[in-house]
Every structure is written in structure tokens, then in C-alpha cells.
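Structure at a glance
Letter by letter, the chains look like this.
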Amino acid sequence: MSVLVDIGHRLGDFAIEARFDSAGRLTALFGPSGSGKTTLINLIAGLIRPDKGCIEVDGRVLVDTAKDVFVPKHRRRIGMVFQDARLFPHMSVAGNLRYGRWFTPPAERYVETDSVVELLGIGPLLNRRPAKLSGGEKQRVAIGRALLASPKILLMDEPLASLDEARKAEILPYIERLRDETKIPIVYVSHSVAEVARLASDVVMLAQGKVVATGPTEAVMQRLDLLPAEERGEGGAVLDTRVLRHDEVFGMTVLGSAGGEIRVPRLAVKTGAPVRIRIRARDVMIATEKPTGLSALNILPGTIVAIRPGEGPAVELGIDCNGATVLARITEQSRHALKLRLGGKVFAVVKTVSFDGANTGAGLPFVVDG
Ligand SMILES: Nc1ncnc2c1ncn2[C@@H]1O[C@H](COP(=O)(O)OP(=O)(O)OP(=O)(O)O)[C@@H](O)[C@H]1O
């Protein structure tokens, strides 16, 4: 799976100059409003012909202005999912799904209806009309329709933006399944740190039409300074962990990370399952000695490897906890009082209750504990 984009294009006063090369399963285009995310999606989809540059998906050249190559949009085999589901209201769910298959020649179809219906859990909805579906159900059907065209790449432009938190939580596990169980590269537009941290293998961070950072999610999301202002409070470390055990007495799950054990509220996933978590920088306290008599359960020893100015009276610390970097936002006054310096040994303290559904990629709701 690979997506290579190296383009320059002008739209009125807006110029986009973007280069990225991602081999990830799900590449998030992340950035504030107006940074050029949708423009990039439209360029990959073939809805815009760039002034210059090239675009390749899995080695197939879709655009190369130097060689005058421009594959028209209907030949690109792109699956698209938008913020609004755009289902045909007069057709049932089954009819909408059939429509997805229609334009792909039989010899090129590699996605089966039954497997998509199972993947997205839409079997019980097949005979319903879109008007009788919830927002989350509509989006699952829209994803199914896009998949049934047997696309070479799936472009998702803010597919959760119009859903409330409950509906988002319902659909996220299906997008994780899509990422993990199909071989179709996904390019996913979002301006939500929570979504990107949970779903993306790779991130392309955009600002004013330029790529300001790109790479694996864990690394890019550490650049709190690059996050859009409205999302900075959500910023923090992204860690890949595994379920070590469940603590039924206290309703908790113990996760193993490079930095040590982390206790989070009970997750409905199997022992051994991978779980990605996000530890918000604002949820981390720093101690210079191992705290005792403290209610917080997660105490990770580490070394200060970065000190950056934050907003207002805040500073941001990067703490290397045995290879896992945890970020902390504290006041400059606290840093001064604790005499925190690069190389200093500290303990990062995180309350278990600071982990909620939005920052524990808890996997699939239908995977129950085993
Ligand atoms: N056809 C056009 N002509 C001129 N300017 C355009 C055109 N289409 C988009 N733009 C401008 O390009 C810039 C980037 O728009 P784009 O929709 O790609 O941003 P975005 O990051 O997807 O934003 P949002 O998160 O709000 O959807 C904006 O300033 C927009 O006004």
C-alpha cells in the first residue's frame, strides 16, 4: 500500500504545494480549516487537474504533468465517502450497495457484498430506506457502497464530522476494521486529534497549503506546537499498548506499554489485544520523586528529553519513559519550582479516569473478553 503525492496547484488566492509519500494503511490529512485537505482529496480523486506534479497509488501513476499523464476520474477506481452519506433516498440499503458494484466490470470486482455487509454490520438494514437509518448507519452504508466498487484507494473526507459523539463512537470500530482487514489504502481527512490519534497509521499535517509534518502518527502527533489552536488541548502522546489483564474487582484494564503498566477503565477487548491510547498532555502531572499516598494509579518513570514553550504560562515537556514518549503540559512556575531540566529524572503521573472512550482505541465492540 502506498500513496505518493507531489503536487503544486493554485486555486484563486490559495496555493497548495504538497509532497508526501505514505505506505501506511490509513493516512490522515490533518490540519485546520482552509489548510487544503479537501483540495488534496479532490486532486487524488481526479476532480482537479494539478498545475504541476504527480500522484501515484500503489505504483500506478494517476497524474504526471511532466509526461502529460492524467487518468480521468472514472478510470481511477476511487471509493469516496463524504461528511454526508449521499445515499439514494428512493433505493433501499441493498439497492444503494448494488449501485456501488454497478460501475465496476465483473472481472475487476474483488470485493464481495456478503463480506462488506458482515464487515460493516449492516445485514439487518438491507431492506430499509435511508430515511429510516441513523446518521451512523447511513455512513456505514455509504462506506459499504464505496467498498463495493472494488476501489484501489478509499478517500474519506471528514466522514464523522456531522455525527454526534455517540454515533462517532459507534462507527469508529468499523473504520478500524476497514483499516485492519482490507488491503485498500485509505486517505482520511480530519481536523480532530482524537480521530487521527485513534485511526491513522500515518499523518500528513497541513497548514496553509503546505505539509508541515509527515510520518508515523506517534511521531507527528507529538508536535503539539503544530496542532490547530482549537485542538491543542486534545494533544498528547499516542502509545501502542497491549492488554495485559483485566481487573474485574475494580473495573479496570491493565495495558502494557514500553513505559510500564497503564491502568484504564475496563475495556471490552481480549487479553493480548492491541490498544492504542492517547495521553493528553494536560492530563499528565510531573513528580521529581516517586509519589506515595496518591490516588492516581499510573506512575511512569522517565527522563525529560524536551522542554518547549507552550501557550500562555504553560511549558510542554517530553518525557522518555523507556522508549515511549509521554508529553506533559505544566506551568512555567511548576517547572521552575521543581527545577526541571533536560536529562532530569521524573515520574509522569496519569489518572486512570482521564482515559475515556475518546482516547482509548478500544477495538471492536463485538470483540468480547476471552
Ligand atoms: N475553486 C476554488 N477557487 C478558489 N479558492 C478555492 C477553491 N476551492 C477551495 N479554495 C480555497 O482553498 C483553500 C483550501 O480549501 P480546502 O477546502 O482544501 O481546505 P480544508 O483544509 O479542506 O478546509 P475544511 O476543513 O474547512 O474543509 C481555502 O482557502 C478555500 O477557500
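Residues numbered from 1 in each chain as written. Predicted model: local features only at pLDDT ≥ 70, side-chain atom pairs only at ≥ 80, totals over all residues. Heavy atoms only, no water.

Things to note about the pattern of salt bridges
Convention followed: Whenever a carboxyl oxygen of Asp or Glu lies within 4 Å of a side-chain nitrogen of Lys or Arg, that contact is scored as a salt bridge. Each helix corresponds to a stretch of at least 4 residues labelled H or I by DSSP, and each strand to a stretch of at least 2 residues labelled E; elements are numbered beginning at the N terminus. Each residue is assigned to one of three classes by its accessible area relative to the maximum for its type, calculated with a 1.4 Å probe on protein chains only: buried under 20%, partly exposed between the two thresholds, exposed over 50%.
For the structure shown, the criterion picks out 23 salt bridges. Among the ionic pairs, Arg278 bridges to Glu234, the shortest N-O distance being 3.0 Å. Pair noted here: Arg278 is in strand E15 (residues 274-280) and Glu234 is in the loop between helix H7 (217-220) and strand E12 (236-247), with a separation of 44 residues, a long-range link. Owing to a relative accessible area of 22%, Glu234 belongs among the partly exposed residues under this scheme. With a closest N to O distance of 3.8 Å, Arg263 and Asp247 form a salt bridge. Here Arg263 is found in strand E14 (residues 260-265), whereas its partner Asp247 is found in strand E12, with 16 residues between them in sequence. Taking the relative accessible area as the measure of exposure, Arg263 reaches 22% and is therefore partly exposed.

Concerning the site of the ligand
Quick note on the threshold: To be near a molecule or strand, a residue needs just one of its heavy atoms within 4 Å of it. Two N or O atoms form a polar contact when they lie within 3.5 Å of each other; inside protein one atom must be a possible hydrogen donor and the other a possible acceptor, and for residues adjacent in sequence the pair counts only when both atoms belong to side chains. In this description, accessible areas are obtained by the Shrake-Rupley approach with a 1.4 Å probe, and a residue is regarded as covered only by the protein chains that are shown. Residue polarity follows a fixed list, in which Ala, Val, Leu, Ile, Met, Phe, Trp, Tyr, Cys and Pro are nonpolar, Asp, Glu, Lys and Arg are charged, and the others, Gly among them, are polar.
Lining the immediate environment of the ligand, one finds Leu11, Gly12, Phe14, Pro32, Ser33, Gly34, Ser35, Gly36, Lys37, Thr38, Thr39 and Glu158. Within the backbone of Ser35, an N or O atom sits 3.1 Å from an oxygen atom of the ligand. Protein contact buries 57% of the 640 Å² of open area that the ligand shows by itself. It is helix H1 (residues 37-45) that contributes the most residues to the shell around the ligand, three residues altogether. Split by residue class, the shell around the ligand holds three nonpolar, seven polar and two charged.

Remarks on the nonpolar core
For clarity, the threshold we go by: What we call a nonpolar core is a set of buried Ala, Val, Leu, Ile, Met, Phe, Trp, Tyr and Cys residues that are connected through their side-chain atoms within 4.5 Å. Here the limits of each domain have been adopted from an automatic or database domain assignment.
Ile143, Leu147, Leu154 and Met156 are the most contacted members of the largest nonpolar core, which totals 49 residues. Here this core gathers at least three residues from each of two domains, domain 1 (3-225) and domain 2 (238-361). Counting 29 residues, the second-largest nonpolar core is a separate cluster that includes Leu267, Ile304, Cys321 and Phe355.

Some remarks on the side chain of Thr253
For clarity, the threshold we go by: Here, two residues are considered to be in contact whenever any of their heavy atoms come within 4.5 Å of each other.
Within the element layout of this structure, Thr253 appears in strand E13 (residues 252-257). Here Thr253 falls in the buried class, since its relative accessible area comes to 0%. There is a polar contact of 2.8 Å between the side chain of Thr253 and the backbone nitrogen of Leu267. Contact partners of Thr253, with chain neighbours within four places excluded, come to Val243, Arg245, His246, Ile262, Arg263, Val264, Pro265, Arg266 and Leu267.

Examining the domain arrangement of the chain
To keep it simple, the criterion reads: Note on definitions: buried area is the accessible-area loss of two parts on being combined, 1.4 Å probe, summed for both.
Examined at the domain level, the chain breaks down into domain 1 (3-225) and domain 2 (238-361). For domain 1 and domain 2, the distance between their C-alpha centroids amounts to 32 Å. Residue-level contacts link 14 residues of domain 1 with 14 residues of domain 2. Here domain 1 and domain 2 share an interface that buries about 1100 Å² over both sides, 55% of which is from carbon and sulfur atoms.

Some words on the side chain of Thr352
As for its position among the elements, Thr352 is in the loop between strand E20 (345-350) and strand E21 (360-361). Judged by its relative accessible area of 10%, Thr352 is buried. Filtering out sequence-adjacent residues up to four positions away, Thr352 remains in contact with Met252, Arg263, Val264, Pro265, Leu297 and Asn298.

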